[in-house]
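One letter stands for each residue in the lines below.
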Amino acid sequence: MLKIFQEVLNFILPPRCLKCGAVIGGTENGLCPDCFNEITFISEPYCKRCGRPFNGEGTQGMVCGDCMKKHKNPFRYSRSAFVYDEYSKTLILSFKFHDKTENAVFLGKLLYKSGKDIFSSGADVLMPIPLHYSRLLKRKYNQSSLLAKEVSKMCGLPIDNTSVIRHKRTRPQVEFSGQARIKNVKGAFQVKNPLNVKGKRIVLIDDVMTTGSTLRECALVLLAAGAASVDTLTVARVL
Ligand SMILES: [Zn+2]
Ligand SMILES: [Zn+2]
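1. Observations concerning the coordination of the zinc ion (ligand 1)
Those protein atoms acting as donors to the zinc ion (ligand 1) are C17 (SG), C20 (SG), C32 (SG) and C35 (SG), and they sit at 2.3 to 2.4 Å. Coordination at the zinc ion (ligand 1) is tetrahedral: its four donor atoms span angles of 103 to 116° at the metal. Between consecutive donor residues of the zinc ion (ligand 1), the sequence gaps follow C-x2-C-x11-C-x2-C. With C20 in the loop between α1 (2-12) and α2 (33-38) and C32 in the loop between α1 and α2, this pair connects stretches of sequence that are 12 residues apart.

Encoded structure:
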């Protein structure tokens, strides 16, 4: 019955590619073959900690030179599904700003797949990066919360939407680069319920990791409140 219903629905509203809008056959992958091939998915081998692909300089399970030097990296593991570039940009931006909330299902599946190391190592809770309430009012939804909801359905971990808040209104990070980004988000987050955070292995969820300043600032606040570890899981990342 469900199958017939799905077929009728596909006839009236055929599934379309999330990126270019072309009608796609009964595939669950969300993108037409052309758009799918343009996306640079991050695959093994990559650094065990930061998730950066090795491009021939290392084998799976190794830690990259950067991570060996950087003792201050607050993240246990960082994982992303694909590279943020001119091809993947439209997919992310339409999801973030143009109400393409249905993309969350497809992107959530990718997130879950790229987070396999995190889930097998053990984690307690998913935390979407919060938006300041003024931005949430304007945008009407938090794209990271939608992603967390999809990932939660698959990994079974609960979502904590309330323990950390963004209490400082910041300028969008795209307006800054390097050090200015770090300064812009300094003091932006506050842990509301330290008891919910203490001893927890937290997975931060966001759409894009650019320099990582926002995720890092949030992680530092969580670790200061007693979190056992913080991982990051983002759909895309700048390499
Ligand atoms: Zn397409
Ligand atoms: Zn690394």
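Now that the structure has been shown, the text picks up again.
2. Focus: the pairing of strand β2 (residues 125-128)
Side chains V125 and M127 project from β2 onto one buried face, and the interleaved L126 and P128 project onto a second face that is buried too. Strand direction decides the pairing type here: β2 and strand β5 (residues 201-209), joined by four bridges, are parallel. Bridge pairing in β5 links P128 to I205.

3. Thoughts on unusual backbone geometry
Residue P45 follows E44 across a cis peptide bond; omega there is 0°. Tracing the chain through its elements places P45 in the loop between α2 and α3 (65-69). The backbone phi angle of K140 is positive, close to 75°, even though this residue is not glycine. Topologically, K140 is positioned in the loop between α7 (133-139) and α8 (143-155).

4. Some words on helix α4 (residues 86-97)
An ideal rise of 1.5 Å per residue puts 16 Å on 12 residues; α4 measures up with 17 Å between its terminal C-alpha atoms. Among all positions of α4, only S88, L91, I92, S94, F95 and K96 are buried. Taken from the residues just after α4, D99 is the one with a positive phi, measuring 60°.

5. Details of the coordination of the zinc ion (ligand 2)
Only C47 (SG), C50 (SG), C64 (SG) and C67 (SG) from the protein coordinate the zinc ion (ligand 2), and they sit 2.3 Å from it. Considering all four donor atoms around the zinc ion (ligand 2), the spread of angles at the metal, 106 to 113°, places the coordination shape in the tetrahedral class. Each donor residue of the zinc ion (ligand 2) lies on the same chain, and together they follow the pattern C-x2-C-x13-C-x2-C. Within this pair, whereas C50 is found in the loop between α2 and α3, its partner C67 is found in helix α3, the two being separated by 17 residues in sequence. Pair check on accessibility: C50 and C67 agree, each one buried.

6. What to know about the packing of helix α5 (residues 103-114) against α8
Close contact between α5 and α8 brings their axes to 8 Å; oriented N to C, the two are set at 55°. Put simply, α5 runs oblique to α8. Judged by the sense of rotation from one axis to the other, the crossing of α5 with α8 is right-handed. Facing α5, whose interface residues are A104, V105, L107, G108, K109, L111 and Y112, α8 presents L146, L147, E150, V151, M154 and C155. Taken together, the residues of the contact of α5 with α8 sort by class into 10 nonpolar, one polar and two charged.

7. Describing the confidence of the model for the protein
Mean pLDDT over the protein: 89, with 94% of residues reaching 70 or higher. When mean pLDDT is taken per element in the protein, β2 scores highest with 98 and α1 scores lowest with 65.

Conventions adopted
- For every chain, the first residue of the written sequence is number 1, and numbering continues from 1 along that sequence.
- Whichever chain is written first becomes A and whichever ligand is written first becomes 1, with later ones labelled in order.
- The predicted origin of the model limits local features to residues at a pLDDT of at least 70 and limits the giving and counting of side-chain atom pairs to 80 or more, whereas totals for whole chains, interfaces and linings rest on all residues.
- For the side-chain quantities, the full set of heavy atoms in the structure was used; hydrogens and water were omitted.
- Here a donor is any nitrogen, oxygen or sulfur atom (N, O, S) within 2.8 Å of the metal, with 3.2 Å used for Na, K and Ca; water is not among the atoms considered, so some sites may look incomplete.
- For a four-donor site, all angles between 85 and 135 degrees give tetrahedral; for four or six donors, opposite pairs above 155 degrees with the remaining angles between 65 and 115 give square planar or octahedral; all remaining cases count as irregular.
- By definition, any uninterrupted DSSP run of H or I lasting at least four residues is a helix, any uninterrupted run of E lasting at least two residues is a strand, and each is numbered from the N terminus.
- Exposure classes here rest on a 1.4 Å probe applied to the protein chains alone. A residue is buried below 20% of its type maximum, exposed above 50%, and partly exposed in between.
- Paired strands, as defined in this entry, are two strands with at least two bridges between them according to DSSP.
- A helix is expected to reach a length of 1.5 Å times the quantity of its residues less one.
- Simply put, an axis is a line fit to the C-alpha atoms, just over the touching stretch for a helix, and the angle between two N-to-C directions goes from 0 to 180 degrees.
- Note on angle classes: values under 35 degrees are labelled roughly parallel, values over 145 roughly antiparallel, values of 65 to 115 roughly perpendicular, and the remainder oblique.
- Left-handed is the label given to a crossing in which the near helix is rotated counterclockwise from the far helix by less than a right angle, and right-handed is the label when the rotation is clockwise.
- For this analysis, residues touch if any pair of their heavy atoms sits within 4.5 Å.
- Here the term charged refers only to Asp, Glu, Lys and Arg, the term nonpolar to Ala, Val, Leu, Ile, Met, Phe, Trp, Tyr, Cys and Pro, and the term polar to all other amino acids, Gly among them.
- Confidence scores here are pLDDT values: one per residue, from the predictor, ranging 0 to 100.

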